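As a plain string of letters, each chain reads:
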Amino acid sequence: MTTGVERLFDQLGHFKRFQACLYFAAIFQAISCGIHYLASVFLVQTPKFLCDAPSNITDILYRNHSSTSLADIWTHYKPGDGPVVVRTAGGDQWELSPCLKVLRLDAINFKYEFFGNKTVESCGGFVYDHSEVEQSIVTDYDLVCEKEWLAKLAQPTFMLGVLIGALVFGDVADRIGRRPILMATSLCQFIFGVTVAFTGNYYLFVLMRFLLAMVSSGYLVVVFVYVTEFTGIKVRTWTSMHVHAAFAVGIMVVALVGYLVRVWWIYQIILTLSTSPFLLYCWKFPETPFYLMAKGRYKEAQELLDTMAYFNSLPPTLKVSELKDECDGELLNDNKQEDGRAMQVKKRLSILDMFGSLKMAGRSATCWAIWFIGSLGYYVFSLGSVNLGGNQYINLFLAGAVEVPSYLIGCIAMDRVGRKKTCAPALLLGGVACMLIIVVPQDIEILAIVLSMTGKFAIAIAFGLIYLYTCELYPTIIRSLAVGSGSMMCRVGSVVAPFCVYLADIWIYLPQLIVGILAFIIGILTMFLPETLGQPLTSTLEEAEALGSKPNTKNAAVDALEMNQTIKA
């Protein structure tokens, strides 16, 4: 039987009307996190460009194509495949390339090939192809050639803000509550999101995006805790994993708005306004019962229990005193545990405990690797989808759409075939799909896109389940530390991902190939982890180390309570 605060769900419902309304209202704002995380795909998009052309152009040549307007040449032009030759009304002939222009000396005939003397000049400005991108940060501030690194720095800087925001707001939410953080980060998302659209220079743009990343990450971290503390154990796997599905919806919104709006600041405003309705009702959110009980705010907790009962059409018979007495009893029993376990609890915050033996060291390294490749693969597939060829907007939309069924299949597989037997095949499938890209001919773009989306689908399954799997692989005394350290590796992967995507400049499919190789190797390592499906949660390092080698007889009711307390934390 469920004990402690968790017992309230047995009496008030695991996912009835009150929890359902809160859940869908809370994850609605999670859509904005997906929006802002991937918005830079089009915010800092670099269109085709050339050195500024001289005035009074009369003729243009590009290989076998001729025209009198640069606009007619862009559809044929490929960067790195030769210059565009132009002739002015005065008879001067220029060869225009992306980062330099060349004046032909003593040119008589207007031909594409020229073997005479030339003089090289630097670009005074740039001409952009506006057929795909009307206006972006790159075109506004000429972030090309020697300034190209500034454009490429925008997304890594954002991901650094994601890392810092997760650390800051996760800790603050434990101190002052989940509700204040949800409200503050949502309001700041709106303010910073709109401010980004009106920045007057590149550096202010990056700063505002950095702050936006911090609050977006803070919301995403806290909303995960919030929904798990309002849903019972019977549905918690599904509700926690499908927070990620809301994030995927945000990616699809980015693709749709990016297709319809080609001016970056209007695009940014529309994306920010799309989730503004959340501000109209988030102030009505209650604090979670777990937090109120932990902080001794029993009067508020009782009011919340009565409200839940009313909305769920149940009698308000559950009293806080019942939950409080059970919690006190459990605490008293915990204090009577053997000295060995008590000593372990005292050192539970030491990360060295995760590497205390060869078996635990291997397990920890593998878990960290799964967290890392899950985040790296997720963002490489999402950010790099626009480089795969074909329609970039459809590619990004598909990158978000394939996630939704992946979480559904992942939930079913986790509960039926097991955690390891879901995670390892998913990583192996993602690895194989990505490595097959290397044999895809350049002219068969659709096959490369299918393989890339298969990789994203598989990686999303592993990425979605690793949180719960990590909880089950480690004992109570270091479980929060294990999840926290894994989350840190996840953030490292998100920071590295944009740099990996930039390797597409060397070869278009190189980022997917790197992710595929790593995913395949980590998938093999995952097969050596113990299976935790149906296994009770462990409390000591000895019990955790014995997972997969002998049965554990720990009381199942206490296990469930410990698991819920860990997810709550």
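Rules used throughout
Residues numbered from 1 in each chain as written. Predicted model: local features only at pLDDT ≥ 70, side-chain atom pairs only at ≥ 80, totals over all residues. Heavy atoms only, no water. Helix = DSSP H or I, 4+ residues; strand = E, 2+ residues; numbered from the N terminus. Buried < 20%, exposed > 50% of the residue type's maximum accessible area, 1.4 Å probe, protein only. Contact = heavy atoms within 4.5 Å. Disulfide = S-S within 2.5 Å. Phe/Tyr/Trp six-rings, centres within 6.5 Å; stacked < 30°, edge-to-face > 60°. pLDDT = per-residue confidence, 0-100. Salt bridge = Lys/Arg side-chain N within 4 Å of Asp/Glu carboxyl O. Patch = residues over 30% accessible without salt bridge, like charges linked within 9 Å, V, L, I, M, F, W, Y side chains within 5 Å. Areas by Shrake-Rupley, 256 points an atom, 1.4 Å probe, with all protein chains shown as cover. Pairing = 2+ DSSP bridges. Axes fitted to C-alpha atoms, helices over the stretch in contact; angles between N-to-C directions.

Glancing now at the overall build of the protein chain. Counting secondary structure elements, the protein chain contains 24 helices and 8 strands. The dimensions of the protein chain, computed from C-alpha atoms along their principal axes, are 100 × 50 × 35 Å. Burial analysis of the protein chain (569 residues in total) assigns 54% to the buried set. Sequence-distant contacts, at least 24 apart, represent 77% of the contacts inside the protein chain between residues at least 6 apart.

Turning our attention to the state of the cysteines. Across all of its chains, the model carries 2 disulfides by this definition. Each sulfur in the disulfide pair C51 and C123 lies 1.4 Å from the other. Residues C51 and C123 are joined through a disulfide that is left-handed, its torsion about the S-S bond being -75°. Note that C51 is positioned in strand β1 (residues 49-51) and C123 in the loop between β7 (118-121) and β8 (126-128), a separation of 72 residues in sequence. When the bonded cysteines of the protein chain are counted from the start of the sequence, the pairing works out to 1-3, 2-4. Among the cysteines around C423, which has no disulfide bond, C367 carries the closest sulfur, lying 8.6 Å off. Under the relative-accessibility criterion, C423 is labelled buried at 0%.

Our next topic: the packing of aromatic side chains. When we look at a pair of aromatic rings, we describe it by the centre distance and by the angle of the planes. Under the definition given, this model contains 34 aromatic pairs. Relative to Y203, the ring of Y202 lies with its centre 5.3 Å away and its plane at 80°, an arrangement referred to as edge-to-face. A residue is classified by how much of its surface remains accessible, and Y202, at 6% relative accessible area, is buried. You can call Y203 exposed: its relative accessible area is 59%. Aromatic side chains Y226 and F285 sit 5.7 Å apart centroid to centroid with 10° between the ring planes, which places their arrangement in the stacked category.

One can find T366 in helix α16 (residues 358-383). For T366, the contacting residues outside a window of four places in its chain are L525, T526 and L529.

Here we take up the confidence of the model for the protein chain. Confidence in the prediction for the protein chain averages 83 pLDDT; 90% of positions are at 70 or higher. Of the regions scoring below 50 in pLDDT, residues 337-349 engages in 14 contacts with residues more than four places distant in sequence or in other chains.

Going through the model one piece at a time under the given rule, you end up with 13 salt bridges. Notably, a salt bridge pairs D505 with K152, separated by 2.5 Å at the nearest N-O pair. With a gap of 353 residues between them, D505 in the loop between α21 (476-501) and α22 (510-526) and K152 in helix α5 (residues 148-176) connect regions that are remote in the sequence. Among the charged side chains, a network of salt bridges with common partners joins E95, R104 and K118.

As a further point, take the environment of C500. Positionally, C500 belongs in helix α21. Sequence separation between C500 and L383 is 117 residues; the distance between their C-alpha atoms is 10.0 Å.

On to helix α10 (residues 264-273). Where α10 is concerned, the buried positions are W264, Y267, Q268, I269, L271 and T272. Buried residues along α10 sit against α2 (17-38), α3 (40-43), α4 (137-141), α6 (178-197), α7 (202-228) and α9 (243-260).

Moving on: a nonpolar patch on the surface. Together, I517, I521, I524, L525, M527 and F528 give the surface a local cluster of nonpolar side chains, amounting to about 580 Å² of exposed area. Positionally, I517 belongs in helix α22. With relative accessibility at 38%, the residue I517 sits in the partly exposed group.

Turning our eyes to something else, we now look at the sheet that holds strand β2 (residues 57-62). Strand order in this open sheet of 6 strands is β3-β2-β4-β5-β6-β7, and the pairing throughout is antiparallel. Since the sheet does not close on itself, it has two edges, and those belong to β3 (65-67) and β7, each with one partner. Adjacent strand axes in the sheet meet at a mean angle of 20°, parallel and antiparallel pairs treated alike.

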